Amino acid sequence: MPIERVSWWEWLARAGYGARGVVYLSAGVFSLLAAFELHRSAEGAGGALETLAGWPFGRLWIAALGAGLAAFVVWRAAQAVLDADQLGASPKAIVSRLGQALSGAVYAGLAVTAFELLDGLENEGRPSAQDLLAAPFGAQLLLLAGLVVAGCAVGNAVRAFTDDFGGALGCSAAGRRLAERLARAGYLARGAAMALVAVFLVRAALQGDAGEIQTMGQALQTLERQPFGSWLLAAVAAGLAAFGLFGLIEARHRRILAPSARRAPFRLRRPWSPLRPGTATSLRA
């Protein structure tokens, strides 16, 4: 039997999904431990990277994750610009591709965080939240950012109930069912965490107080301080860990379609999927 050649696009995509999975799994596990007072505090993606950097061989961990996240940024660009998932140019497809572009920008920031940790720079040189508020139209831009994050939160929650997460996976039926459950829990938890971040961004914009801005890790810590907060944090953390596990399954079993410049233009055409009828949009996760 001839050995199928694996394209470099596939290596990029699998490395990216794997890195994303490890980051979210780490954030979820650390936050779950924090809910039961077994870790110092809940962690978002950036906090998880900082914690991993302090582990034995931490620099190797962070270098590998940074490279994987950078690969994921390239893959997201291929999905958004070259239509690697062959979604087409219908209104729904364009929204999905714009979401992939936004996702790529977010993971680019996370990759930069990883490489800054390697250099010991942390957040040196980055504008602070107060600088943003003091800039022309800063409050309006911050409000817009909060609304965008809120939209992403709603989108994640909707996808948790509507997407066919198993359709893009080349594994057994039992594996696809497991992946479906993990993905639904993960996207719902991501939606909840993003909603918290959005609330603080909007409050900061309306009140003109940069102190209101919170990262995902800080928002989870605020959640923990509410009535029944430990249980709420545990639920969200378990979902984030589930999303990380789903990412690792994607890294191994997702069907990767090599992008082509011929598919890049935003023109209308009949959606196509190599998986099975009715799953043309299942590759957008």
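Computed from a predicted model, the values in this text were never measured in an experiment.

A. Up close: the overall build of the protein chain. Counting its regular elements, the protein chain contains nine helices and zero strands. Buried residues in the protein chain amount to 48% of all 285 residues. Looking at the protein chain alone, contacts between residues at least 24 apart form 72% of all its contacts between residues at least 6 apart. Surface exposure of the protein chain reaches about 14400 Å², of which carbon and sulfur atoms provide 67%.

B. View of the nonpolar core. Core analysis: the biggest nonpolar cluster contains 64 residues, and Leu49, Trp75, Leu220 and Phe246 have the highest contact counts within it. When contributions to this core are tallied by element, the ones reaching two or more residues are α1 (8–35), α2 (45–53), α3 (58–81), α4 (91–119), α6 (138–162), α7 (173–207), α8 (216–224) and α9 (229–253). A total of twelve residues in this core trace back to one element, the largest contributor, which is α7. If we ignore the near neighbours within four places in the chain, the residues touching Phe246 are Phe165, Leu169, Ala179, Leu182, Ala183 and Tyr187.

C. Region of interest: a nonpolar patch on the surface. A surface patch of nonpolar side chains, about 840 Å² in accessible area, is lined by Val29, Leu32, Leu33, Phe36, Leu38, Phe228, Trp231 and Leu232. When its relative accessible area of 31% is taken as the criterion, Leu32 is described as partly exposed.

D. View of α6. Here α6 contains 25 residues, and its C-alpha end-to-end distance of 36 Å stays within 8% of the 36 Å for a straight helix at 1.5 Å per residue. Within α6, burial applies to Gly138, Leu142, Gly146, Ala153, Asn156, Arg159 and Ala160.

E. Spotlight on the packing of aromatic side chains. With the rule as written, the count across this model stands at ten aromatic pairs. Between Tyr17 and Phe72 the ring centres are 5.1 Å apart and the planes differ by 65°, which places this aromatic pair in the edge-to-face class. Of the two residues, Tyr17 sits in helix α1 while Phe72 sits in helix α3, which places them 55 residues apart along the sequence. For Tyr17, a relative accessible area of 0% corresponds to the buried category. Residue Phe72 is classed as buried on the basis of its relative accessible area, which comes to 0%. Counting every residue linked through ring pairs, the aromatic cluster contains Tyr24, Phe165, Tyr187, Phe243 and Phe246.

Reading the values: rules and limits
In this convention, every chain numbers its residues from 1, walking through the sequence in written order. A pLDDT threshold of at least 70 governs which residues receive local features in this predicted model, and a stricter bar of 80 or more applies before side-chain atom pairs are shown or counted, although totals over entire chains, interfaces and linings include all residues. Think of the side-chain values as coming from all heavy atoms in the structure, minus any hydrogens and water. Each helix is a run of DSSP H or I of at least 4 residues and each strand a run of E of at least 2, with the numbering of both proceeding from the N terminus. For every residue, the accessible area (1.4 Å probe, protein chains only) is compared with the maximum for its type, and the residue is labelled buried under 20%, exposed over 50%, or partly exposed between those bounds. A contact between two residues is defined here by any heavy atoms of the two lying within 4.5 Å. Values of accessible area rely on a 1.4 Å probe in the Shrake-Rupley scheme; residue burial ignores everything except the protein chains shown. Each nonpolar core is a collection of buried residues, namely Ala, Val, Leu, Ile, Met, Phe, Trp, Tyr and Cys, held together in the definition by side-chain atoms within 4.5 Å. For patch detection, residues must exceed 30% relative accessible area and be free of salt bridges, and they are connected within 9 Å for like charges or within 5 Å for nonpolar side chains (Val, Leu, Ile, Met, Phe, Trp, Tyr). The term salt bridge refers to a pairing of a side-chain nitrogen on Lys or Arg with a carboxyl oxygen on Asp or Glu at a separation within 4 Å. Take the number of residues in a helix, subtract one, and multiply by 1.5 Å to get its expected span. What counts as a ring pair is set by centres within 6.5 Å for rings of Phe, Tyr and Trp (its six-membered ring), and what kind of pair is set by the plane angle: stacked under 30 degrees, edge-to-face over 60, tilted for all other angles.

None of this, on its own, says anything about what the molecule does.
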